[in-house]
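Residue-level structural notes
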Amino acid sequence: MGQAQLQSIHVHPVKAFRGTTLRTAVVEPWGLAGDRRWALIDAGGKVVTQRQQPRLALAAAEPLPGGGVRLSAPGMDPLTVPAPSASGTVPMEIFRDKVEAAPAEDEAAHAWCSTYLGIEARLVHMADPGTCRPVDPEYALPGETVSFADAYPLLVTTTASLDALNSLLARGDHPAEGPLPMNRFRPNVVVSGTAAWAEDDWSSIAIGEVTFRVPDKCGRCVVTTIDQATADRGREPLHTLGRHRRMGGKLVFGQNLVPLSRGTIRAGDPVTVLG
């Protein structure tokens, strides 16, 4: 097998919104620049994701210079939202973490999100991910932080493993639900040129000039069952992962990454397994 390479790069400027594909991305200690720096919270301050609101799959957020975003969604007029300039914050809860976030300064942003979802929702921004939210302490090294991503700065998947999963799905109980596209798994970086499931054995890798450690396998949730083009929910891939990829109580697809260095990654970069 030849040299593995970085096939594609993806960021999600607003957590749970549709992803954006990039040719290059700057790697910061807490993830890719512009990835999951915005999120929605409900009236109680809890993060809102596709777990509760599958229609978020149909909403898009285009990253803008300076950290702002341009929101769009079916039935909604597009809205440009600049990054907050004031220092005021509100408390929010993202899974088990309680952090402070900066609300969008334009009330129109909150109204836009609330109207689209039909619930009270606020759009918030993580002003300083370097100090805001620690990586899961069970797997973190001192000082490691993460943006509004579920648990770790980046997620890597491989095309060979998706092909293998789709082969299993085709022979399983719900073949009509496949084959599944990679966007079901909402990765940041997709690698080609590996063997299926090779990533299970990685402990550290280099993508171009940037090195990463691989702290933990990625356990998958119900979001993977949501068609990112229609927001319809099915049974796959969790049913098939439950039969073939159950590891330590998790249904595994992909690996989490923590950057060990800064730099820029580019589609086509070589991917080297360091350990």
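As the structure is a computational prediction, the values presented were derived from the model and not from experiment. (Residues numbered from 1 in each chain as written. Predicted model: local features only at pLDDT ≥ 70, side-chain atom pairs only at ≥ 80, totals over all residues. Heavy atoms only, no water.)

Describing the overall build of the protein
- Looking only at helices and strands, the protein features four helices and 21 strands.
- Computed over C-alpha atoms, the radius of gyration of the protein comes to 18 Å, within 12% of the 19 Å expected from 2.2 N^0.38 for 275 residues, which places it in the range of a compact globule.
- Dimensions of the protein, computed from C-alpha atoms along their principal axes, come out at roughly 55 × 40 × 35 Å.
- For the protein, buried positions account for 53% of its 275 residues.
- Carbon and sulfur atoms provide 52% of the accessible area of the protein, an area that totals close to 11,800 Å².
- Each charge class in the protein was averaged separately, 27 positive and 29 negative side chains, and the resulting centres sit 4 Å apart. (Helix = DSSP H or I, 4+ residues; strand = E, 2+ residues; numbered from the N terminus. Rg over C-alpha atoms; globule rule 2.2 N^0.38 Å. Buried < 20%, exposed > 50% of the residue type's maximum accessible area, 1.4 Å probe, protein only. Areas by Shrake-Rupley, 256 points an atom, 1.4 Å probe, with all protein chains shown as cover. Lys, Arg positive; Asp, Glu negative; His and termini not counted. Charge placed at Lys NZ, Arg CZ, Asp CG, Glu CD.)

A closer look at the state of the cysteines
- Enumeration over the complete set of coordinates arrives at zero disulfides.
- No disulfide involves Cys218; its sulfur sits 8.2 Å from the nearest other cysteine sulfur, which is in Cys221.
- The class for Cys218 is buried, based on a relative accessible area of 11%. (Disulfide = S-S within 2.5 Å.)

As for the sheet that holds strand β10 (residues 90-94)
- Strand order in this open sheet of five strands is β6-β5-β12-β11-β10, and the pairing throughout is antiparallel. The two strands at the open ends of the sheet, each matched to only one other strand, are β6 (47-48) and β10.
- With two bridges connecting them, strand β11 (residues 97-103) and strand β12 (residues 121-125) associate as antiparallel partners. In the sheet register, Ala102 faces β12, and the bridge partner there is His125. (Pairing = 2+ DSSP bridges.)

Observations regarding the pairing of strand β5 (residues 38-42)
- The buried count for β5 comes to four of five residues, which makes it a mostly enclosed element.
- Looking at chain direction, β5 and β12 are connected through five bridges and run antiparallel. From the neighbouring strand, Leu40 faces β12, where its bridge partner is Leu123.
- Here β5 runs beside β6; their pairing, made up of two bridges, is antiparallel. Bridge pairing in β6 links Ile41 to Val47.
- Connecting β5 to the antiparallel partner β6 that follows it, the hairpin turn spans four residues, and Gly45 within it adopts a positive phi of roughly 85°.

Considering the pairing of strand β9 (residues 76-81)
- Bridging between strand β8 (residues 69-73) and β9 involves four bridges; their strand directions are antiparallel. From the neighbouring strand, Val69 faces β9, where its bridge partner is Val81.
- Connecting the antiparallel pair β8 and β9 is a turn made up of two residues, with Gly75 showing a positive phi of about 80°.

As for the packing of aromatic side chains
- Under the criterion given, the structure shown has three aromatic pairs.
- Note that Arg55 overlies the ring of Tyr116, its terminal NZ or CZ placed 4.0 Å from the centroid.
- Cation over ring: Arg245 sits above Trp197, and NZ or CZ is 3.8 Å from the ring centre. (Phe/Tyr/Trp six-rings, centres within 6.5 Å; stacked < 30°, edge-to-face > 60°. Lys NZ or Arg CZ within 6 Å of the ring centre and 35° of its normal.)

Describing the nonpolar core
- Counting 25 residues, the largest nonpolar core has Val14, Phe17, Leu40, Leu71, Val81 and Leu123 as its most contacted members.
- At the level of secondary structure, the elements contributing two or more residues to this core comprise β5, β8, β9, α1 (107-117) and β12.
- Residue contacts for Leu40: discarding those within four places in its chain leaves Phe17, Lys46, Val47, Val48, Leu56, Cys113, Leu117, Arg122 and Leu123. (Core = buried A, V, L, I, M, F, W, Y, C linked by side-chain atoms within 4.5 Å. Contact = heavy atoms within 4.5 Å.)

Examining the side chain of Ser161
- When you line up the elements, Ser161 lands in helix α3 (residues 159-170).
- Discounting chain neighbours no more than four positions away, the residues touching Ser161 are Ala196, Trp197, Glu199 and Phe253.

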